[in-house]
Amino acid sequence: MAVLVTGAAGYIGSHMVLELADRGEAAVALDDLSVGRREAIPGATPFYEGNAGDAGLVARIVRDHAVDTIIHFAGSISVPESVADPLGYYLNNVVGTRALIETAVRQGVKRFIFSSTATVYGDATVSPIPETTALAPINPYGWSKLMVEQMLRDTAAAHGLQFAILRYFNVAGADPLGRAGQSTPTGHLIKVALAAALGRRSHIDVFGQDYPTPDGTCLRDYVHVSDLAGAHMLALAHLRDGGGNLTLNCGYGHGSSVRDVVATVRAVTGQAVETRDAPRRDGDPASLIAANGGILALGWAPRFDDLSTIIRHAWTWERRLAG
Ligand SMILES: NC(=O)c1ccc[n+]([C@@H]2O[C@H](COP(=O)([O-])OP(=O)(O)OC[C@H]3O[C@@H](n4cnc5c(N)ncnc54)[C@H](O)[C@@H]3O)[C@@H](O)[C@H]2O)c1
Ligand SMILES: O=c1ccn([C@@H]2O[C@H](COP(=O)(O)OP(=O)(O)O[C@H]3O[C@H](CO)[C@@H](O)[C@H](O)[C@H]3O)[C@@H](O)[C@H]2O)c(=O)[nH]1
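Since we're looking at a predicted model, the values are computed, not measured.

## A short note on the overall build of the protein
Then comes step 1: Each helix and strand counted, the protein has 10 helices and 14 strands in total.
Then comes step 2: Here the protein has a C-alpha radius of gyration of 19 Å; the compact-globule value for 323 residues is 20 Å, and the two agree.
Then comes step 3: For the protein, the spread of C-alpha atoms along the principal axes amounts to about 55 × 45 × 40 Å.
Then comes step 4: Counting across all 323 residues of the protein, residues that qualify as buried make up 49%.
Then comes step 5: Of the contacts formed within the protein by residues at least 6 apart in sequence, a portion of 79% connects residues at least 24 apart.

Put into structure tokens, the structure is as follows:
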């Protein structure tokens, strides 16, 4: 039996493929390479280039590799881009995923693990945010993820598909052994700040300085990508053992501000990173910090819960990419 990883050539998917290989699991990789890079997938892992919403292709992969679990990372991921292009986001994230879930059901796939996001909480009024908090996204990206969550619950009730919905907070860092990292283009804060440290940007913009947070900039719960891959393995083991369906936050339970991140980037890299105050960015909630009792109860024991370590691993990767 094999695990199909969609979006496997992307940032988190490529770390998941490594984690599965490290644990001796059979994995198959699918990515349309719209953003991801073929080189991100280890040569030994079977790779298919195509769309996760292509029912014919996915059915063939499921049959040829005896896929019993799909871990679905493929999707469009940028909050500001979703504000500018909502229909593109609903097409890729909702319409495409609907087709994938239907193929899973038709082909008898047992389990589906879905990349959701803290963005489903919108401007949450509690911190840290428990999974039971009212869901009220404030941007199309968050809505697209929430729609898929609902589809999964309804499909599970009707057809018995097992699911784990994992709501990631801000994923960051890189494989500690240097085998993978964030190669896909992104406006994520740590990537942008490291580009400035490398001299590839003159400065970084700080979007908004008047949020209701201790230093006026947004708070985020930065979670190491390898710890996140580990959380998926726990969810998979739980479902395999016949455990109930899961909806769980994945974060460490504490936040860092934009200014904290910049200060840590300066400390880790030894470079002066210039910041410029800029207006708020559309669709940004002030604070997103996980209540993580659920994933901890599953046995999650994070290894890299430290912003300096996260940034150090990312810095090692960025310097390697820069050649
Ligand atoms: N990075 C984060 O902080 C974060 C936080 C919360 C949730 N997520 C979710 O995690 C998942 C992975 O995110 P990432 O950071 O690795 O993004 P990424 O852009 O690096 O990877 C996504 C991959 O999916 C591929 N892809 C996109 N649409 C596709 C399609 N229709 N068919 C096949 N392949 C397709 C892209 O080529 C890319 O390789 C996404 O679903 C994202 O919404 C990410
Ligand atoms: O050049 C920059 C880039 C970002 N920020 C700020 O830094 C914070 C983090 O932004 P970013 O790294 O872009 O991540 P988010 O917008 O928080 O979204 C990420 O984290 C979400 C979960 O919390 C995921 O759902 C998304 O896919 C993922 O992009 C926000 O306050 C931004 O306004 C800046 O000030 N300057």
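Let us keep going from here.
## Quick look at the domain arrangement of the protein
It is common to give the size of an interface as the accessible area that goes away when the parts come together.
Then comes step 1: Its domain assignment divides the protein into domain 1 (2–172 + 222–250) and domain 2 (189–220 + 253–322).
Then comes step 2: One C-alpha centre belongs to domain 1, the other to domain 2, and the line joining them spans 23 Å.
Then comes step 3: Contacts between the two partners involve 29 residues from domain 1, matched on the other side by 27 residues from domain 2.
Then comes step 4: Across the side of domain 1 that touches domain 2, the residue classes break down as 17 nonpolar, nine polar and three charged.

## What to know about the site of ligand 2
Then comes step 1: Near ligand 2 there are 22 residues, and of these Thr117, His188, Leu189, Phe207 and Cys218 occur at the shortest range.
Then comes step 2: For the shell around ligand 2, the element with the most residues is strand S8 (residues 204–207), which contributes four residues.
Then comes step 3: Classifying every residue of the shell around ligand 2 gives 13 nonpolar, five polar and four charged.
Then comes step 4: Of the residues that make up the shell around ligand 2, three or more belong to each of domain 1 (2–172 + 222–250) and domain 2 (189–220 + 253–322).

## A short note on helix H4 (residues 86–106)
Then comes step 1: Spanning 21 residues, H4 covers 29 Å between terminal C-alpha atoms, matching the ideal 30 Å at 1.5 Å per step.
Then comes step 2: Where H4 is buried, its residues contact helix H2 (55–65), strand S4 (67–72), helix H3 (79–84), strand S5 (111–117) and helix H5 (140–159).
Then comes step 3: Positive phi shows up at Gly108, right after H4, with a value of about 75°.

## Regarding the environment of Thr269
Then comes step 1: Looking at the element boundaries, Thr269 is found in helix H8 (residues 258–269).
Then comes step 2: Classification of Thr269 as partly exposed rests on a count of 19 C-beta atoms within 10 Å.
Then comes step 3: Separated by 261 residues in the primary sequence, Thr269 and Ala8 have C-alpha atoms spaced 29 Å apart.
Then comes step 4: Contacts of Thr269, omitting those with residues within four sequence positions, involve Ala197 and Trp315.

## Some points on the nonpolar core
Then comes step 1: One finds Val5, Phe112, Leu166, Ala193 and Cys250 to be the most contacted residues of the largest nonpolar core, which totals 92 residues.
Then comes step 2: In terms of residue count, helix H6 (residues 189–197) provides more of this core than any other element does, seven residues in total.
Then comes step 3: Summarising the domain contributions, this core has at least three residues from each of domain 1 (2–172 + 222–250) and domain 2 (189–220 + 253–322).
Then comes step 4: Those residues in contact with Ala193 that lie beyond four places of it in its chain are Ile204, Val261, Val262, Val265 and Val273.

## Topic: the sheet that holds strand S14 (residues 287–288)
Then comes step 1: Pairing within the open sheet is mixed, and its three strands lie in the order S12-S9-S14. A single partner strand is all that each edge strand has here, and the edge strands are strand S12 (256–257) and S14.
Then comes step 2: Alignment of strand S9 (residues 219–220) against S14, held across two bridges, turns out to be parallel. Its bridge partner being in S14, Leu219 is matched across the sheet by Ser287.

## A short note on the environment of Asp241
Then comes step 1: Position of Asp241 among the secondary structure elements: in the loop between helix H7 (225–240) and strand S11 (246–250).
Then comes step 2: Along the chain, Asp241 and Asp305 lie 64 residues apart, while their C-alpha atoms are 28 Å from each other.

## Details of the site of ligand 1
Then comes step 1: Contacts to ligand 1 come from 28 residues, most closely from Gly7, Gly10, Gly36, Ala74 and Ser115.
Then comes step 2: Secondary structure elements with two or more residues in the shell around ligand 1: helix H1 (11–22), H4, S5 and strand S7 (170–172).
Then comes step 3: Ranked by residues supplied to the shell around ligand 1, first place goes to H1 with three residues.

## Quick word on the sheet that holds strand S2 (residues 27–31)
Strand pairing in a sheet takes place through backbone hydrogen bonds and is either antiparallel or parallel in direction.
Then comes step 1: One open sheet accounts for seven strands, arranged S3-S2-S1-S4-S5-S6-S11; its pairing is parallel. Unpaired on one side and paired on the other, strand S3 (47–49) and S11 mark the two borders of the sheet. Within this sheet the neighbouring strands show an average axis-to-axis angle of 15°, counted without direction.
Then comes step 2: Pairing geometry for S4 and S5, over four bridges, is parallel. Bridging from a neighbouring strand, Thr69 pairs with Arg111 of S5.

Calculation criteria
- Residues numbered from 1 in each chain as written.
- Chains lettered and ligands numbered in written order.
- Predicted model: local features only at pLDDT ≥ 70, side-chain atom pairs only at ≥ 80, totals over all residues.
- Helix = DSSP H or I, 4+ residues; strand = E, 2+ residues; numbered from the N terminus.
- Rg over C-alpha atoms; globule rule 2.2 N^0.38 Å.
- Buried ≥ 20, exposed ≤ 12 C-beta atoms within 10 Å, placed from the backbone.
- Contact = placed C-beta atoms within 7 Å.
- Domains from an automatic or database assignment.
- Nonpolar A, V, L, I, M, F, W, Y, C, P; charged D, E, K, R; others polar.
- Near = placed C-beta within 6 Å.
- Expected span 1.5 Å × (residues − 1).
- Core = buried A, V, L, I, M, F, W, Y, C linked by C-beta atoms within 7 Å.
- Pairing = 2+ DSSP bridges.
- Axes fitted to C-alpha atoms, helices over the stretch in contact; angles between N-to-C directions.

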